[in-house]
Amino acid sequence: MREVFDFSLEAIKPDRQEVLRLQGIAPHIKPSKRIIALLDEAMEIFMNAANPVGIFSEVTVSKFWDIYKGQGKNEADTPLEHIFPRAEYLALFAFSLGIKISKKIEDLFQKKEFPLGAMLDALASSSAERAVHIAERKYFDFVSAKTNNSKSKVALLYSPGYCGWHISAQKKLFEYLCPEEVGISLNSSFLMIPLKSVSGVLIFGNKEIHVFTNNYLFCSHCQDKSCKQRINMIKK
Amino acid sequence: MEVKMDLLNQISQYLQDGDEEKVFELVKEAIDQGNTAQDILNRGLIAGMNIVGQRFKVHEIFLPDVLMSAKAMVAGMEELKPLLIKTGIPSRGKVVLGTVQGDLHDIGKNLVGVMLKGAGFEVIDLGNDVPPEEFLRAASDRQATIIGMSALLTTTMPVMKSVVDLIKEKNLSGKIKTIIGGAPVTKEYAQEIGADKYSYDASHAVESVKELLGVN
């Protein structure tokens, strides 16, 4: 099963408070008028420039082993290699906000419009994050509908470049998924173009398969504790 | 003399307010009035940015405010630069910046660049997906003494170590210093790979560069 996902612009519209948080402004702080004006301006640009599109393609566990291994550069032990073999369903996934938004951010920095460029970047990051949650939900609904069994299940996305899964695995992921169809390509360093894109594997299965302790060798060097937040969310 | 000081104070104040047009205009006026380039830079622009930095540190103002001030600083510097070059005032220091090979996330690096320029440093921005050799080549070609590296992907962090190792291999330790940063990067990682500094945000990166260069 291979399908192009529809993402409505309204659904992926960034959350204002999250954007402000990305700019270092905590929820209890009232932003100044000029910051609000900047956010409004960036939001308007975002709504005009964003062109969200996503694609997913189901894959078997055995096929995914090959994709996961990529070019053999993964860490010796990773959480993902303990998660996906226990999955019930897997799908490769890619999403992008389109080329216009990335170019707009680049242009703003080149024109020395730093505050607006940084605000637009934060909007795009927040939006991409929302798109991931929507994709997880859509995939969960898709699998649930065909299996009629969603109790204690969850679908989560894991991406190359994180948690010991080497970025070079993108090559095989792209060879299998072919997201070029929706305008997402890979450069020679295995990075996605447009920049504001997300890729990875959607894993559907029992909640507990996603739970792990972040004491892998590479975890000690990592400041990004989003894995813990995700695990806590599942446990709730 | 008092009039001159007032003008420089005004430059500092408008810079703190992020009013680029006023800063540009007043720098021009200060030059016309015979202020030295160094005075305008140190007592006007840098003085203003230092206050902005302090206010950011104690959460009185936020990233967008700092970037508005940095934009005003850059506008002022554009007017001042020809005079600085003409009078032979050396730059405060040169920093080569880049997002490491295999990583395209450059917003953090861009912000560091803006803040460094705002603090009066010369920035050689290599962009993103920068191979280790490229960092060294740029530092050597441009006589930069600091290399700043950013990474957002945990799997690209080892490229930072490759740059530090390359510096040692070429016997440039001490001559070229390194600062690393990015969401997954830690102080411990910086110590482990032998980087000279770790910076947790763009404002802190400016402090780190100042410390490494021994400037205020």
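Structure: above.
Attention here is on the structure that accompanies the text. If you're wondering where the values come from, they're calculated on a predicted model, not measured in any experiment. (Residues numbered from 1 in each chain as written. Chains lettered and ligands numbered in written order. Predicted model: local features only at pLDDT ≥ 70, side-chain atom pairs only at ≥ 80, totals over all residues. Heavy atoms only, no water.)

1. A look at the overall build of chain A
Thought 1: When helices and strands are tallied, chain A shows eight helices and seven strands.
Thought 2: Its C-alpha radius of gyration of 18 Å places chain A within 12% of the 18 Å reference for a compact globule of 236 residues.
Thought 3: The dimensions of chain A, computed from C-alpha atoms along their principal axes, are 50 × 40 × 40 Å.
Thought 4: When burial is assessed residue by residue, chain A has 52% of its 236 residues classed as buried.
Thought 5: Put simply, of all contacts in chain A between residues at least 6 apart along the chain, 79% involve residues at least 24 apart.
Thought 6: If you sum the accessible surface of chain A, you get close to 11200 Å²; carbon and sulfur atoms cover 51% of it.
Thought 7: Between the centroid of the 31 positive side chains of chain A and the centroid of its 26 negative side chains there is a distance of 4 Å. (Helix = DSSP H or I, 4+ residues; strand = E, 2+ residues; numbered from the N terminus. Rg over C-alpha atoms; globule rule 2.2 N^0.38 Å. Buried < 20%, exposed > 50% of the residue type's maximum accessible area, 1.4 Å probe, protein only. Contact = heavy atoms within 4.5 Å. Areas by Shrake-Rupley, 256 points an atom, 1.4 Å probe, with all protein chains shown as cover. Lys, Arg positive; Asp, Glu negative; His and termini not counted. Charge placed at Lys NZ, Arg CZ, Asp CG, Glu CD.)

2. Quick look at the packing of aromatic side chains
Any two aromatic rings considered together are summarised by their centre-to-centre distance and by the angle between their planes.
Residue and element names in this part refer to chain A.
Thought 1: A complete count under the given rule lists 19 aromatic pairs over all chains for this structure.
Thought 2: Aromatic side chains phenylalanine 56 and tyrosine 139 sit 5.7 Å apart centroid to centroid with 65° between the ring planes, which places their arrangement in the edge-to-face category. Note that phenylalanine 56 is positioned in strand E2 (residues 53-59) and tyrosine 139 in helix H6 (residues 114-147), a separation of 83 residues in sequence. The same class applies to phenylalanine 56 and to tyrosine 139, which are both buried.
Thought 3: With a centroid separation of 5.7 Å and 40° between ring planes, the pair formed by phenylalanine 140 and phenylalanine 204 is classed as tilted. In this pair, phenylalanine 140 sits in helix H6 while phenylalanine 204 sits in strand E7 (residues 197-206), placing the two residues 64 residues apart along the sequence.
Thought 4: A residue is classified by how much of its surface remains accessible, and phenylalanine 204, at 0% relative accessible area, is buried.
Thought 5: Connected via pairs of aromatic rings, a cluster forms that spans Phe5, Phe7, Phe56, Phe93, Phe95, Tyr139 and Phe142.
Thought 6: Directly above the aromatic system of phenylalanine 5 lies the positively charged group of lysine 138, at a separation of 5.6 Å from the ring centroid. (Phe/Tyr/Trp six-rings, centres within 6.5 Å; stacked < 30°, edge-to-face > 60°. Lys NZ or Arg CZ within 6 Å of the ring centre and 35° of its normal.)

3. Focus on the environment of isoleucine 231 of chain A
Thought 1: Positionally, isoleucine 231 of chain A belongs in helix H8 (residues 226-235).
Thought 2: C-alpha of isoleucine 231 of chain A to C-alpha of tyrosine 158 of chain A: the two residues are 73 residues apart in sequence and 13 Å apart in space.

4. Topic: the interface of chain A and chain B
Thought 1: Contacts between chain A and chain B engage 34 residues on the former and 35 residues on the latter.
Thought 2: Interface area, chain A with chain B, both sides summed: about 2900 Å², of which 65% is carbon and sulfur.
Thought 3: There are three salt bridges connecting chain A and chain B.
Thought 4: Linking glutamate 78 of chain B and lysine 112 of chain A is a salt bridge whose minimum nitrogen-to-oxygen distance equals 3.7 Å.
Thought 5: Considering each element in turn, the side of chain A that touches chain B owes the most residues, six residues, to H6 of chain A.
Thought 6: Looking at side-chain class alone, the side of chain A that touches chain B contains 17 nonpolar, 12 polar and five charged residues. (Buried area = accessible area lost by both parts, 1.4 Å probe. Salt bridge = Lys/Arg side-chain N within 4 Å of Asp/Glu carboxyl O. Nonpolar A, V, L, I, M, F, W, Y, C, P; charged D, E, K, R; others polar.)

5. A closer look at the sheet that holds strand E5 (residues 197-198) of chain B
Residue and element names in this part refer to chain B.
Thought 1: Taken together, the five strands give an open sheet; going across it, the order is E2-E1-E3-E4-E5, and neighbouring strands pair in parallel fashion. The sheet is open, and its two edges are formed by strand E2 (122-125) and E5, each paired on a single side.
Thought 2: Bridge count between strand E4 (residues 177-181) and E5: two bridges; the pairing is parallel. Bridging from a neighbouring strand, isoleucine 179 pairs with lysine 197 of E5.
Thought 3: Running at roughly 160° to strand E1 (residues 94-99), helix H6 (residues 132-141) makes contact with E1 and strand E3 (146-150) of the sheet.
Thought 4: The sheet contacts of helix H7 (residues 158-169) involve E3 and E4, and relative to E3 the element is tilted by about 160°. (Pairing = 2+ DSSP bridges. Axes fitted to C-alpha atoms, helices over the stretch in contact; angles between N-to-C directions.)

6. Thoughts on the pairing of E3 of chain B
Residues in a regular strand project their side chains so that they alternate between the two faces of the sheet.
All names here are of chain B.
Thought 1: Most of E3 sits out of view: five of its five residues are buried.
Thought 2: In E3, alternate side chains face the same way, and those of Ile146, Gly148 and Ser150 on one face and Ile147 and Met149 on the other are all buried.
Thought 3: Pairing of E1 with E3, which is carried by five bridges, proceeds in the parallel orientation. If you follow valine 96 over to E3, its bridge partner there is isoleucine 147.
Thought 4: One ladder, built from five bridges, connects E3 with E4; its direction is parallel. From the neighbouring strand, isoleucine 147 faces E4, where its bridge partner is threonine 178.
Thought 5: A crossover connection joins E3 to the parallel E4 through H7; in handedness this β-α-β unit is right-handed. (Right-handed = clockwise from strand over helix to strand, strands pointing away.)

7. What about the pattern of salt bridges?
Thought 1: On inspection of all chains with the given rule, the structure shows 23 salt bridges over all chains.
Thought 2: For arginine 230 of chain A, the salt bridge is made with glutamate 136 of chain A, and the minimal N-O distance between the two is 3.5 Å. With arginine 230 of chain A in helix H8 and glutamate 136 of chain A in helix H6, the pair connects residues that are 94 residues apart, well separated along the chain.
Thought 3: Across the salt bridge formed by lysine 109 of chain B and aspartate 125 of chain B, the nearest N and O atoms sit 3.0 Å from each other. A residue pair is termed long-range when its members are at least 10 positions apart, and lysine 109 of chain B in helix H5 (residues 107-118) and aspartate 125 of chain B in strand E2 qualify at 16 residues.
Thought 4: With a relative accessible area of 3%, lysine 109 of chain B lands in the buried category.
Thought 5: A network of salt bridges, in which partner residues are shared, links Lys63, Asp66 and Lys172 of chain A.

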